[in-house]
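So the chains spell out like this:
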Amino acid sequence: MDLIRQALKQYFNFDKFLDHQQDIIRKIEAGNDVAVIMPTGAGKSLCYQLPMLIRPGYAIVISPLISLMKDQVDALERRRIPAAFLNSANTVSEQRDTVKRVLNGEIKLLYVAPERLDLPAFRNLLQNCPPHTMIVDEAHCISQWGHDFRPAYLRLGAIAGEFKIPQICAFTATATPMVRKDIAVQLKRPQMEVIVAGFRRPNLRFELCNTPKAEDKEALIDKILREPKPTIIYAATRKAVDELAGNFGVIAYHAGMSDAERTCAQDEFMNSPCPVLAATNAFGMGIDRPDVRRVIHYNMTGSLEAYYQEAGRAGRDGEEAECRMLFSYADRYVHEFMIDLNNPSPELVNSVYSVLRYEAARHRSNTIYLTLEDIVPLTAAARSASQVGSALRLLEKYGYVARGGRADARGKLCFAADIGKLLAEHGAEKTQRSRFISRVGGMFGNNETAVTVEELSNIAGLNIEQVRRVLRTLDGDCLRWEPPFAGSSTELLRPDEAELEIDFSEISDKRNFELEKLDQVLKYAQTSRCRQSFILEYFGEDSSGWQCENCDNCRGNYAVGRELSKEEDAAAKMLLRIVSKLNGRFGAGKICAVAAGKISPDIAASRLDELPFFGVLGDFKPARIMAFLRALEEANYLARTGNPLYPCLEITPEGKRLMQSKGTVCKLNLYGVSPKNKEAAKSSGWEWKFFSK
Ligand code: ADP
Ligand code: MG
């Protein structure tokens with residue numbers, strides 16, 4: 001038994017390594033810098049803890065949260081592994097004691113928050129007793145593009161350099177291209193090996209459903225839901241969730257609902273045997289129902305990481321589960337709209353800001369009572385209230401304005417009729433109106449009172465909507481009600497500053513970055529490759545030919561691939577040659593026309609009819625040539641390029657190889673072309689999704 005295995009048993013009392021642990025441990029033990037990206041629960045901690053135990057010296061472990069540190073150190077201490085943490089929760093004497101143990105070589109793993117590395121006392125320790133390894137846990141905190149960015153993580157690389165810490169190893173569960181790249185760059189270890197592993201979920205069947213119109217989506221949901229299974233339907237907007245809930249009688253969940261309503265929805269989802277829940281991306285954190293059998297995305301997501309995370313809530317129990325995305329190209333615009341709102345342009349922000357300054361000067365007050373809607377027509381650049389809102393959010397973030405919350409939205413209420421009479425009349429509280437008069441009138445009497453609708457709702461014991469209705473009916477009758485200012489007020493905090501100092505280039509970078517991520521989702525939708533391996537490759541996990549054999553594309557491929565006849569093989573290779581010559585500049589339609597020799601004004605205008613191979617496949621019907629092109633793309637000999645809306649075809653490295661090979665006869669899914677294969681094509685359920693029918 002080698003040292004590593006022995007340590008696994010001795011220190012951790014485990015008999016076997018989990019997937020990938022052994023390889024990673026060997027690399028770390030050898031002294032390499034590695035960044036390990038594996039899903040939560042994959043056993044990353046052990047990957048760095050174990051190698052530290054079997055060699056001299058100690059490691060500092062950078063961890064972002066005190067609670068995480070404490071859990072880890074407690075667990076290590078239970079195993080009698082010499083570990084400790086230094087953080088603000090320690091007393092001074094505890095800290096002194098820990099430092100002493102480090103200096104005496106009694107500690108193997110010292111957990112600290114990243115900010116501690118800037119403290120003089122800790123720098124002294126690093127100076128006097130340098131660790132041989134810096135472990136960076138939750139390393140995604142290093143990426144400014146993520147949610148959990150911690151500025152102190154950015155300094156780790158420099159500190160490791162300064163104190164000549166020989167080895168850095170980083171760990172995270174966040175596999176996005178940006179995080180992956182950022183880790184090595186920010187830690188200043190460009191040679192760092194990045195290992196992404198363990199994200200495969202072969203029990204999940206990924207499928208893309210082409211649903212160009214809203215009716216298509218509804219019809220499909222209707223069909224899918226006929227088979228009862230625990231299901232989550234994710235939709236991009238609250239409105240869509242409400243509509244799904246209304247149309248199909250399913251549970252709704254989104255951030256626009258009250259806490260109580262959301263808790264109720266969650267409980268129902270957790271406790272019913274076979275619930276169907278429609279939700280926005282607000283749903284999922286900390287909710288762990290292992291037997292979700294279906295996750296349907298009613299709209300595509302804004303990124304593949306969001307998609308894989310949400311879809312990944314299916315089949316946690318390891319049993320078969322399906323993940324379908326209902327694709328319509330128009331959903332892209334919803335996302336683009338949201339991306340624009342999150343990243344407003346300088347024109348928009350400046351124009352909203354100048355309106356605010358103008359209004360403030362006009363009214364001689366730095367508090368401005370204009371709703372978002374009021375501001376729209378006053379600006380040059382805003383076309384909608386939500387755009388104004390996005391500009392205000394940014395101005396607020398940069399400290400130019402403060403926005404009044406809804407809580408201070410008080411209306412004025414005054415009972416006009418004699419209150420004693422009213423109370424006598426309505427004391428029995430038989431109706432909502434009586435209840436309101438009896439309780440609110442009993443409290444306020446005939447005094448004019450500034451009050452919020454929420455407060456009235458509490459006093460009257462009616463919900464907000466009921467209070468509003470009662471107020472509407474009683475206003476002008478026995479009481480007067482002047483509703484509160486409908487928008488929240490805006491206060492100028494730096495009224496004298498006319499010029500905004502906002503880093504708009506950063507905002508525009510972020511916008512482009514979000515658009516790129518969106519494009520990846522479109523590529524996913526349009527790929528003819530194994531869907532899961534497509535996503536894993538996006539994450540950076542080496543799929544080296546692995547296929548899930550479960551997604552729509554895999555099943556399609558395996559079901560109907562057949563060897564071509566000599567004539568068909570020659571045609572396929574000819575098409576590859578044509579595509580390669582046309583150099584990714586034309587779509588399938590034009591390529592087909594060139595091969596078949598079909599002249600059209602378009603073809604003539606681009607002078608494609610003058611090419612030497614124009615019409616070489618003149619004996620083939622265009623439909624048959626199209627089928628070849630589809631099959632070649634499906635088999636990854638051709639790929640799409642350019643604008644996804646009007647994709648062009650280009651040859652792939654596999655395609656080039658096939659084109660040049662003399663002997664090999666290629667295998668393609670030419671269903672519907674030869675009568676023999678018609679049945680096979682039908683039974684596969686595979687349909688060509690993106691070429692117009
Ligand atoms: P991560 O940081 O990747 O989310 P952890 O390091 O917290 O995961 O480990 C998750 C769980 O797996 C822990 O309870 C840990 O004790 C357990 N674990 C780790 N390695 C092994 C192993 N080789 N055999 C059995 N359990 C293990
Ligand atoms: Mg961890």
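Everything discussed here concerns the structure shown above.
Residues numbered from 1 in each chain as written. Chains lettered and ligands numbered in written order. Predicted model: local features only at pLDDT ≥ 70, side-chain atom pairs only at ≥ 80, totals over all residues. Heavy atoms only, no water.

Engineer: Requested: an account of the state of the cysteines, with residues and values cited.
Structural biologist: Scanning the model with the defined rule gives 0 disulfides in all. Between C169, a cysteine without a disulfide, and C47, which holds the nearest cysteine sulfur, the sulfur-to-sulfur distance is 10 Å. Judged by its relative accessible area of 0%, C169 falls in the buried class. No disulfide involves C478; its sulfur sits 11 Å from that of C414, the nearest cysteine. A relative accessible area of 8% means that C478 is categorised as buried. (Disulfide = S-S within 2.5 Å. Buried < 20%, exposed > 50% of the residue type's maximum accessible area, 1.4 Å probe, protein only.)

Engineer: Give me the lowdown on the side chain of S63, citing residues and values where you can.
Structural biologist: Mapped onto the elements of the fold, S63 is located in the loop between β2 (59-62) and α4 (66-78). Non-local contacts of S63, meaning those with residues more than four positions away in its chain, are made with L68, M69, Y111, V112, A113, P114 and Y153. (Helix = DSSP H or I, 4+ residues; strand = E, 2+ residues; numbered from the N terminus. Contact = heavy atoms within 4.5 Å.)

Engineer: Before we move on, can you summarise the site of ligand 1 with the specific residues and values?
Structural biologist: In the vicinity of ligand 1, the contacting residues are F14, K16, F17, L18, Q21, P39, T40, G41, A42, G43, K44 and S45. Between G41 and ligand 1, the recorded distance is 2.6 Å, taken from a backbone N or O atom to an oxygen atom. For ligand 1, the protein covers 66% of the area, taking 570 Å² as the surface of the free molecule. Considered class by class, the residues forming the shell around ligand 1 number 5 nonpolar, 5 polar and 2 charged. (Near = heavy atom within 4 Å. Polar contact = N/O pair within 3.5 Å; in protein donor to acceptor, adjacent residues only side chain to side chain. Areas by Shrake-Rupley, 256 points an atom, 1.4 Å probe, with all protein chains shown as cover. Nonpolar A, V, L, I, M, F, W, Y, C, P; charged D, E, K, R; others polar.)

Engineer: Now, about the sheet that holds strand β15 (residues 401-403): what can you tell me, with residues and values included?
Structural biologist: Overall, antiparallel pairing links the 3 strands, which are arranged β14-β19-β15 in an open sheet. For this open sheet the edge positions go to β14 (367-368) and β15, each flanked by a neighbour on one side alone. Strand direction decides the pairing type here: β15 and strand β19 (residues 490-492), joined by 3 bridges, are antiparallel. When the sheet's bridge partners are listed, V401 is paired in β19 with L492. Contacting β15 and β19, helix α16 (residues 385-397) runs over the sheet at an angle of about 115° to β15. (Pairing = 2+ DSSP bridges. Axes fitted to C-alpha atoms, helices over the stretch in contact; angles between N-to-C directions.)

Engineer: So, the packing of helix α21 (residues 504-526) against helix α22 (residues 531-539): which residues are in play, and what are the values?
Structural biologist: Two elements in contact, α21 and α22, have axes separated by 10 Å at closest approach and are oriented at 155°. With respect to each other, α21 and α22 are oriented roughly antiparallel. For the element pair α21 and α22, the recorded crossing hand is right-handed. Facing K517, Q520, K523, Y524 and A525 of α21, the residues of α22 in contact are R531, F534, I535 and Y538. Grouping the amino acids of the contact of α21 with α22 by side-chain chemistry returns 5 nonpolar, 1 polar and 3 charged. (Parallel < 35°, antiparallel > 145°, perpendicular 65-115°, else oblique. Left-handed = near helix turned anticlockwise from the far one by under 90°.)

Engineer: Could you give me a rundown of the packing of aromatic side chains, with the residues and numbers involved?
Structural biologist: On inspection of all chains with the given rule, the structure shows 13 aromatic pairs. Each ring, one from Y307 and one from Y524, has its centre 5.6 Å from the other, and the planes form 45°; the classification is tilted. Taken as a pair, Y307 in helix α12 (residues 304-311) and Y524 in helix α21 lie far apart in primary sequence, 217 residues in all. Here Y308 and F539 contribute two aromatic rings whose centre-to-centre distance is 5.5 Å and whose plane-to-plane angle is 75°, an arrangement assigned as edge-to-face. In this pair, Y308 sits in helix α12 while F539 sits in helix α22, placing the two residues 231 residues apart along the sequence. Given the relative accessible area of 9%, Y308 is considered buried. Relative accessible area serves as the criterion here: at 4%, F539 is assigned to the buried category. A connected cluster of aromatic rings, assembled from ring pairs, spans F199, F206, Y307, Y308, Y524, F534, Y538 and F539. Looking at R289, its charged tip hangs above the ring of F269, at a distance of 6.0 Å from the centre. (Phe/Tyr/Trp six-rings, centres within 6.5 Å; stacked < 30°, edge-to-face > 60°. Lys NZ or Arg CZ within 6 Å of the ring centre and 35° of its normal.)

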